[in-house]
Amino acid sequence: MLSILPLNLSAPAPIAYTGTAHTPKPEVKFNSTVLTEDIITYFWEDNIEFGRASVIISANENTNFKGSVTRYFEIGLTDMGDIEVSGIISSLVYNGSEQKQLPTLTSDGVEMILDTDYTLTYSDDLVNAGTITITIRGINNYSGMKVIEYTITPLILTQASVVIEDIESQVFTGGAITPIPVIKYSNQNLILSQDYTLSYSNNTNVTNSATISISFTGNFAGSATKTFNISPKAIALDMVTGL
């Protein structure tokens, strides 16, 4: 029988870490003939984790060859750019509470483990409407980083979903009258300029339909209106001159 040692072996290429066993089978040739697995058998060692792994090629019994040879290959760090991310809802609606989503990461179909394979860093504000950024950084057998985003969109408010307290009748002044209404949502007072803005119409002369237009903003969207009365001003003595 011939020794396997002088055989021509192709070198296994570097392989990215996946968390599963890697079993490359380098081609084995004698002269120009490729040896098949009825002639040789492959064995592997240290072939899961990042670092140096080996493939052992042994000649089968009752063939023209004997002995074994070992070839080494590298299991490299897997780049986070190649990782599949799922489990994130792209758009959530503001609800006044922190909305922190936890993504699921998989590498070649194998679920990765938080704080073992990767870390997560979130934007500071996870409550208010806006864009939330999650920065995923690979550790141990993974390298690089991946950034994903989701949004918190404003909650739409309507006339029916808020309570706008009645405004007491206003007295004619000769100028525009601009009372500020008390507006509540879910028993919480909304804040002028932060949660809503106001505009006025028909708010100078005596009327029972002076109108406040309310536009919700910030964490809210939508609109509502409120009317109020402007009553006549009583003529007073200090208004009389010339006598």
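Residues numbered from 1 in each chain as written. Predicted model: local features only at pLDDT ≥ 70, side-chain atom pairs only at ≥ 80, totals over all residues. Heavy atoms only, no water.

Participant: Can you help me understand the overall build of the protein in this one?
Facilitator: Across its full length, the protein holds 0 helices and 26 strands. Its C-alpha atoms give the protein a radius of gyration of 37 Å, clearly above 18 Å, the size a compact globule of 243 residues would have. Projected onto the principal axes, the alpha-carbon positions of the protein cover approximately 140 × 30 × 30 Å. For the protein, buried positions account for 33% of its 243 residues. The contacts in the protein between residues at least 6 apart in sequence include a share of 49% that link residues at least 24 apart. For the protein, the exposed surface amounts to about 14200 Å²; the carbon and sulfur share of it is 49%. Distance from the positive charge centre (11 side chains) to the negative charge centre (24 side chains) of the protein: 4 Å. (Helix = DSSP H or I, 4+ residues; strand = E, 2+ residues; numbered from the N terminus. Rg over C-alpha atoms; globule rule 2.2 N^0.38 Å. Buried < 20%, exposed > 50% of the residue type's maximum accessible area, 1.4 Å probe, protein only. Contact = heavy atoms within 4.5 Å. Areas by Shrake-Rupley, 256 points an atom, 1.4 Å probe, with all protein chains shown as cover. Lys, Arg positive; Asp, Glu negative; His and termini not counted. Charge placed at Lys NZ, Arg CZ, Asp CG, Glu CD.)

Participant: I keep staring at the confidence of the model for the protein and nothing clicks. Help me out?
Facilitator: Reading fine detail from the predicted coordinates is not recommended where pLDDT is low. Per-residue pLDDT for the protein has a mean of 89; in total, 93% of the residues score no lower than 70. When pLDDT is averaged over each helix and strand of the protein, the minimum, 42, is found for strand S1 (residues 2-3) and the maximum, 98, for strand S12 (residues 91-93). With pLDDT under 50 throughout, residues 1-9 is counted as low confidence; its partners more than four residues away or in other chains account for 33 contacts. (pLDDT = per-residue confidence, 0-100.)

Participant: Mind showing me how you'd approach the pairing of strand S6 (residues 40-45) here?
Facilitator: On a regular strand, each side chain points to the face opposite its neighbour's, so the side chains alternate between the two faces of the sheet. Bridge count for S6 against strand S7 (residues 51-59) is 6 bridges, and the pairing is antiparallel. Bridge pairing in S7 links Glu45 to Ser54. (Pairing = 2+ DSSP bridges.)

Participant: Whenever I open this one, the packing of aromatic side chains confuses me. Can you help?
Facilitator: Within a pair of aromatic rings, the relevant descriptors are the distance that separates the centres and the angle that separates the planes. The full count for this structure, using the stated rule, is 4 aromatic pairs. Seen from their ring centres, Tyr42 and Trp44 are 6.2 Å apart, and the 15° between their planes marks the pair as stacked. Consider the rings of Tyr185 and Phe220, whose centres lie 6.0 Å apart with planes at 65°: the pair is edge-to-face. In this pair, Tyr185 is assigned in strand S22 (residues 183-185) and Phe220 in strand S26 (residues 220-231), connecting sequence segments 35 residues apart. Pairwise contacts between aromatic rings join Tyr94, Tyr185 and Phe220 into one cluster. Taking the ring centre of Tyr72 as reference, the NZ or CZ of Arg52 above it sits at 3.5 Å. (Phe/Tyr/Trp six-rings, centres within 6.5 Å; stacked < 30°, edge-to-face > 60°. Lys NZ or Arg CZ within 6 Å of the ring centre and 35° of its normal.)

Participant: Where do I start with the sheet that holds strand S18 (residues 145-153) in this structure?
Facilitator: Sheet strands associate in pairs through backbone hydrogen bonding, adopting either a parallel or an antiparallel arrangement. With mixed pairing, 4 strands are arranged side by side in an open sheet as S12-S18-S16-S15. Among the strands making up the open sheet, the edge pair consists of S12 and strand S15 (118-122). Put simply, the sheet's adjacent strands are angled 25° from each other on average, direction ignored. Bridge count for S12 against S18 is 3 bridges, and the pairing is parallel. When the sheet's bridge partners are listed, Leu92 is paired in S18 with Ile152. (Axes fitted to C-alpha atoms, helices over the stretch in contact; angles between N-to-C directions.)

Participant: Looking at this structure, how should I read the nonpolar core?
Facilitator: Note on soluble globular proteins: their nonpolar side chains tend to be buried together. Within the largest apolar cluster, 47 residues are counted, with the highest numbers of intra-cluster contacts made by Met80, Ile136, Ile183, Ile214 and Phe216. For Ile183, the contacting residues outside a window of four places in its chain are Val162, Val163, Ile164, Gln188, Asn189, Leu190, Tyr196, Ile214 and Phe216. (Core = buried A, V, L, I, M, F, W, Y, C linked by side-chain atoms within 4.5 Å.)

Participant: Even after reading the chapter, I still don't get a nonpolar patch on the surface, so can you show me in this structure?
Facilitator: A surface patch of nonpolar side chains, about 480 Å² in accessible area, is lined by Ile235, Leu237, Met239 and Val240. Residue placement: Met239 occurs in the segment after S26. Taking relative accessible area as the criterion, Met239 reaches 45% and is therefore assigned partly exposed. (Patch = residues over 30% accessible without salt bridge, like charges linked within 9 Å, V, L, I, M, F, W, Y side chains within 5 Å. Salt bridge = Lys/Arg side-chain N within 4 Å of Asp/Glu carboxyl O.)

Participant: Would you mind going over the environment of Ile136 with me for this structure?
Facilitator: The topology assignment puts Ile136 in strand S16 (residues 130-138). Excluding residues within four positions of it along the chain, Ile136 makes contact with Met80, Val85, Leu105, Tyr118, Thr119, Leu120, Gly144, Met145, Lys146 and Ile148.

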